[in-house]
Amino acid sequence: MAKIGRNEPCPCGSGKKYKRCCQTVAAPTPQPAVLSDTSSEPHRQLCPCCLERLEERADRVADELIAGNLDQAETLCRQFISDYPDQAEGLDLLSMILQERGQRDQALDLLRRASAIAHARPEYDFHVRSNMRERITELELSA
């Protein structure tokens, strides 16, 4: 494994120097990161630039969903889930897409999984968790 220099480009692909990106969120004794030119590796721990990228990608999926482009939204969303498997946003968005397609049971399952993630992680605020619970109840009652 190669050690990343502080002034080298960050391996997350942000274009920033490592010292101004992922190194700032690393543990006190950081493990060397693996240099990778692929974006297909899942993001487990999110640095500020990765969090920004996650939000941009989630917004793009939501925009496609709102525009009624369900096929494009689903394609983008499934890639999003592949890249960010530990985040609730992708599952939540895919549940909305499937609900629009009339696939209530699958949407409910995904929303329950997203809610479990959101309830287990402190970065998801009360509003997000509450909104998910309300949507779960609505889907359950629509059966």
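Procedures and definitions
Residues numbered from 1 in each chain as written. Predicted model: local features only at pLDDT ≥ 70, side-chain atom pairs only at ≥ 80, totals over all residues. Heavy atoms only, no water. Helix = DSSP H or I, 4+ residues; strand = E, 2+ residues; numbered from the N terminus. Contact = heavy atoms within 4.5 Å. Areas by Shrake-Rupley, 256 points an atom, 1.4 Å probe, with all protein chains shown as cover. Salt bridge = Lys/Arg side-chain N within 4 Å of Asp/Glu carboxyl O. Buried < 20%, exposed > 50% of the residue type's maximum accessible area, 1.4 Å probe, protein only. Expected span 1.5 Å × (residues − 1). Polar contact = N/O pair within 3.5 Å; in protein donor to acceptor, adjacent residues only side chain to side chain. pLDDT = per-residue confidence, 0-100. Core = buried A, V, L, I, M, F, W, Y, C linked by side-chain atoms within 4.5 Å.

### Brief notes about the overall build of the chain
- Along the chain, the regular secondary structure elements total five helices and zero strands.
- The order of helices and strands in the chain, counted from the N terminus, is α-α-α-α-α.
- Restricting the contact set of the chain to residue pairs at least 6 apart, pairs at least 24 apart contribute 52%.
- Total accessible area computed for the chain in this model is approximately 8,900 Å², and 50% of it derives from carbon and sulfur atoms.

### Side note on the pattern of salt bridges
- Under the defined criterion, the tally for this structure stands at eight salt bridges.
- The partner of arginine 78 in a salt bridge is glutamate 74, with the nearest N and O atoms 2.9 Å apart. Placement of both arginine 78 and glutamate 74 in helix H2 (residues 70-83) is noted, with a separation of four residues, approximately one turn of the helix.
- Taking the relative accessible area as the measure of exposure, arginine 78 reaches 44% and is therefore partly exposed.
- Residue class for glutamate 74 comes out buried when judged on its relative accessible area of 16%.
- Across the pair glutamate 140 and arginine 112 runs a salt bridge, and its minimum N-O distance is 2.7 Å. In this pair, glutamate 140 sits in helix H5 (residues 126-141) while arginine 112 sits in helix H4 (residues 104-120), placing the two residues 28 residues apart along the sequence.

### Overview of H4
- The end-to-end C-alpha distance of H4 is 24 Å, a good match for the 24 Å that 17 residues give at a rise of 1.5 Å each.
- Those residues of H4 that sit buried are Ala107, Leu108, Leu110, Leu111, Ala114, Ser115, Ile117 and Ala118.
- On its buried face, H4 is in contact with helix H3 (88-100) and H5.

### Notes on the side chain of arginine 135
- Structurally, the position occupied by arginine 135 is in helix H5.
- Since its relative accessible area comes to 15%, arginine 135 is described here as buried.
- Here the side chain of arginine 135 touches aspartate 92 through a polar contact of 2.4 Å, side chain to side chain.
- Among all residues touching arginine 135, those that are not within four sequence positions of it are Asp92, Ser95, Met96 and Leu111.

### Notes on the confidence of the model for the chain
- When pLDDT is averaged along the chain, the result is 81; 72% of the residues meet or exceed 70.
- Overall, residues 26-40 carries pLDDT values under 50, and its contacts beyond four positions in sequence, including any with other chains, amount to 14 contacts.

### Thoughts on the environment of leucine 91
- Its location among the elements puts leucine 91 in helix H3.
- Residue leucine 91 is classed as buried on the basis of its relative accessible area, which comes to 6%.
- Sequence separation between leucine 91 and isoleucine 81 is ten residues, and the spatial gap between their C-alpha atoms is 6.9 Å.
- Apart from residues no more than four positions distant in its own chain, leucine 91 is found in contact with Ile81, Leu110, Arg113, Ala114 and Ile117.

### Considering H5
- With 16 residues, H5 ought to run about 22 Å at 1.5 Å a step, and its terminal C-alpha atoms sit 22 Å apart, in line with that.
- Every buried residue of H5 is accounted for by Ser130, Met132, Arg135, Ile136 and Leu139.
- In the core, the buried residues of H5 are packed alongside H3 and H4.

### Quick notes on the nonpolar core
- Among the nonpolar cores identified, the biggest contains 28 residues, and Val61, Cys77, Ala88, Leu91, Leu94, Ile97 and Met132 are the most heavily contacted of them.
- Counting residues per element, the ones that place at least two in this core are helix H1 (48-66), H2, H3, H4 and H5.
- It is H4 that provides the largest number of residues to this core, a total of seven residues.
- Contacts of leucine 94, omitting those with residues within four sequence positions, involve Glu74, Cys77, Arg78, Ile81 and Leu110.

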